Amino acid sequence: MRSFDDAQGGHWQAALMEASFGNVLMIFSRIGGDGVLHKPLDSANYHEAEQLLADADEARLRTLLAEAKPWG
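Residues numbered from 1 in each chain as written. Predicted model: local features only at pLDDT ≥ 70, side-chain atom pairs only at ≥ 80, totals over all residues. Heavy atoms only, no water.

**Student:** I'm lost on the environment of Leu-64 in this one. Help?
**Tutor:** Turning to its location among the elements, Leu-64 is positioned in helix H2 (residues 58-67). Sequence separation of Leu-64 and Lys-39 is 25 residues, and the distance between their C-alpha atoms is 7.0 Å. Each residue touching Leu-64, except ones within four places of it in the same chain, is listed here: Met-26, Phe-28, Lys-39, Leu-41 and Leu-52. (Helix = DSSP H or I, 4+ residues; strand = E, 2+ residues; numbered from the N terminus. Contact = heavy atoms within 4.5 Å.)

**Student:** Just checking my understanding: could you explain the environment of Trp-12 for this structure?
**Tutor:** Note on placement: Trp-12 falls in strand E2 (residues 11-18). Along the sequence, Trp-12 and Leu-65 sit 53 residues apart, while their C-alpha atoms lie 9.2 Å from each other. Aside from chain neighbours lying at most four places away, what touches Trp-12 is Arg-2, Ser-3, Phe-4, Asp-6, Phe-28, Ser-29, Arg-30, Ile-31, Leu-37 and Leu-65.

**Student:** What is the right way to look at the packing of aromatic side chains in this model?
**Tutor:** Geometrically, a pair of aromatic rings is defined through the distance of the ring centres and the angle of the planes. For the structure on display, the rule yields 1 aromatic pair. Measuring from ring centre to ring centre gives 6.1 Å for Phe-4 and Phe-28, while their planes differ by 80 degrees; the resulting arrangement is edge-to-face. Note that Phe-4 is positioned in strand E1 (residues 2-5) and Phe-28 in strand E3 (residues 24-30), a separation of 24 residues in sequence. Using a relative accessible area of 0% as the deciding quantity, one classes Phe-28 as buried. (Phe/Tyr/Trp six-rings, centres within 6.5 Å; stacked < 30°, edge-to-face > 60°. Buried < 20%, exposed > 50% of the residue type's maximum accessible area, 1.4 Å probe, protein only.)

Structure (structure tokens):
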């Protein structure tokens, strides 16, 4: 799990979730806010997705957040 700030100063957490058929989702939740967003990742497996999350700087996390869709 990683914490970061968006361009407007909102505080977010990014985490990974294994989905069906070996897919991995990045899940975004705003700290102190409602709603959850998700972004499918183009990683080969969960381990690769973990490395992507560990290596991502805040700019990359903000880009992934901007591409995320509401859960539900």
